[in-house]
Amino acid sequence: MDSSRFEILIGEALSAHGLIARGGFNFGPEENAPQGPSGIPARAVVVVGQAGASAWPHFLAWRERQPAGLREPLDTWAREVIGAVAAQVGAREVSPSDRPFVPFQQWAMRAEGLRASPLGLLMHPRYGLWHAYRGALLFDTEIDFAASEASVHLCDACVEKPCLKSCPVNAYSGTAFDYAGCRSHLHSGAGEQCMSAGCLDRRACPHGAAYRYPPEMQVFHMKAFVA
Ligand code: B12
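These lines cover the structure that appears in this document, whether it is placed above or below. Computed from a prediction, not measured in an experiment: that's the story for all the values here.

Re the overall build of the chain
Counting secondary structure elements, the chain contains eight helices and six strands. Order of helices (α) and strands (β) in the chain, N terminus to C terminus: α-β-β-α-α-β-α-β-β-β-α-α-α-α. Over its C-alpha trace the chain gives a radius of gyration of 18 Å, about what one expects of a compact globule, namely 17 Å for 227 residues. Look at the contacts in the chain between residues 6 or more apart in sequence, and 70% of them connect residues 24 or more apart.

Below, the structure written as structure tokens:
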């Protein structure tokens, strides 16, 4: 099968779950690549994710059919649906939550030409900060990826940096994230606004407004973060 037909097949299989292929790349021969489907080091990876709330209704419909109290439901759902796509296209699925962690942001930077915002989240030229990675497909053979165009890094032209001015406890310094400070604020009761509407620094970014997560999705992620 030629590579463009192959990429269309992967895209169609993922879109049934509101997911998208976020680009990919071939591992170099000297790289310490994770195992591909046959157990040898993978030669190629396709990164899978969501833009805005594209996968949210699919996840909610799936969760209604699951037992109450299921732990880590979003990871479980993503592993299930991306695992099924992997089986269909002869790949091995890996999750951002697999231990040891695989370097999803480094992979995404290579796959999509993105760079990090001052918050550590990758900035996308269309989705802004409102996107995430749900898995990746590892292949035994190289893929003839279309050359990715260098994308504009919107943070370069952002002088005001509102994302560094909205957090009540200044959890983001621009170079590091004060995980403990953020969590203790959220647990203190004073973090009600963050818990109900989402991270204030992330929401302060003007880009990707059309992809901003809806309130119930923000609440879901904040609850997962403080748990
Ligand atoms: C551990 C982890 C965290 C830890 C970070 C602890 C630390 N200082 O390392 C904590 C719990 C703080 C965290 C928080 C969040 N995280 Co996080 N996290 C991860 C995870 C699972 C592993 C990171 C890692 O060590 N990777 C291994 C190294 C080798 O890979 P890497 O690509 O080089 O990793 C880079 C990141 O770790 C980054 N980094 C370091 N510290 C932090 C802190 C934050 C907040 C972020 C976003 C990145 C980041 O720097 C590394 C060098 O490039 C990744 C998924 C993954 N597998 O990578 C998600 C991931 C980086 N997180 C992500 C997100 C969205 C968040 C949150 C914003 C959302 C949330 N609700 O969880 C929060 C921030 C809280 C808030 N105020 O909203 C996304 C980023 C997506 C994007 N658009 O770029 C990822 C990729 C998961 C995903 N499913 O997409 N996270």
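Having seen the model, we can carry on.
Comments concerning the side chain of Arg 22
On the secondary structure map, Arg 22 appears in strand S1 (residues 20–26). Accessibility expressed as a relative area gives 3% for Arg 22, which makes it buried. For Arg 22, the residues in contact, after removing those within four places along its chain, are Val 47, Val 48, Gly 49, Gln 50, Ala 111, Glu 112, Leu 114, His 124, Tyr 127, His 131, Ala 132 and Tyr 133.

Some words on the site of the ligand
Neighbouring the ligand are 21 residues; Pro 96, Gln 105, Gln 106, Leu 122 and Tyr 133 lie closest to it. Between Pro 96 and the ligand, the recorded distance is 2.9 Å, taken from a backbone N or O atom to a nitrogen atom. At 2.7 Å, a backbone N or O of Tyr 133 approaches a nitrogen atom of the ligand. Of all the secondary structure elements, the ones that give two or more residues to the shell around the ligand are helix H4 (104–112), strand S6 (131–139), helix H5 (179–188) and helix H8 (215–226). Looking at the shell around the ligand element by element, the count peaks at four residues for S6.

Remarks on the pairing of strand S2 (residues 44–51)
A regular strand places its side chains on the two faces of the sheet in alternate fashion. The element S2 is extensively covered by neighbouring structure, given that eight of its eight residues are classed as buried. Burial of the side chains of S2 extends over both faces: Ala 44, Val 46, Val 48 and Gln 50 are buried on one face and Val 45, Val 47, Gly 49 and Ala 51 on the other. Note that S1 and S2 share five bridges and pair antiparallel. The partner of Ala 21 across the bridge, within S2, is Val 48. Strand direction decides the pairing type here: S2 and S6, joined by eight bridges, are antiparallel. Following the sheet pairing, Val 45 is matched in S6 by Leu 138.

Structural notes on helix H3 (residues 73–89)
In this model, H3 (17 residues) spans 24 Å end to end at C-alpha, consistent with the 24 Å of a helix rising 1.5 Å per residue. Of the residues making up H3, those classed as buried are Pro 73, Leu 74, Asp 75, Trp 77, Ala 78, Val 81, Ile 82, Val 85, Ala 86 and Val 89. Downstream of H3 by one or two residues, Gly 90 has phi in the positive range, about 75°.

What about the sheet that holds strand S3 (residues 92–94)?
Taken in spatial order, the four strands make up an open sheet running S1-S2-S6-S3, and their pairing is antiparallel. The open sheet terminates on both sides in strands that have one partner only, identified here as S1 and S3. Averaged over all adjacent pairs, the angle separating strand axes in this sheet is 25°, with direction ignored. Lying over the sheet, H4 contacts S1, S2, S3 and S6, oriented at roughly 85° with respect to S1.

Side note on the environment of Val 47
As for its placement among the helices and strands, Val 47 is situated in strand S2. Apart from the residues within four sequence positions on either side, Val 47 is in contact with Ile 20, Ala 21, Arg 22, Gly 23, Phe 104, Trp 107, Ala 111, Tyr 133, Gly 135 and Ala 136.

Here is what the cut-offs are and how they apply
- Residues numbered from 1 in each chain as written.
- Predicted model: local features only at pLDDT ≥ 70, side-chain atom pairs only at ≥ 80, totals over all residues.
- Heavy atoms only, no water.
- Helix = DSSP H or I, 4+ residues; strand = E, 2+ residues; numbered from the N terminus.
- Rg over C-alpha atoms; globule rule 2.2 N^0.38 Å.
- Contact = heavy atoms within 4.5 Å.
- Buried < 20%, exposed > 50% of the residue type's maximum accessible area, 1.4 Å probe, protein only.
- Near = heavy atom within 4 Å.
- Polar contact = N/O pair within 3.5 Å; in protein donor to acceptor, adjacent residues only side chain to side chain.
- Pairing = 2+ DSSP bridges.
- Expected span 1.5 Å × (residues − 1).
- Axes fitted to C-alpha atoms, helices over the stretch in contact; angles between N-to-C directions.

These values are about where atoms sit, not about what they do.
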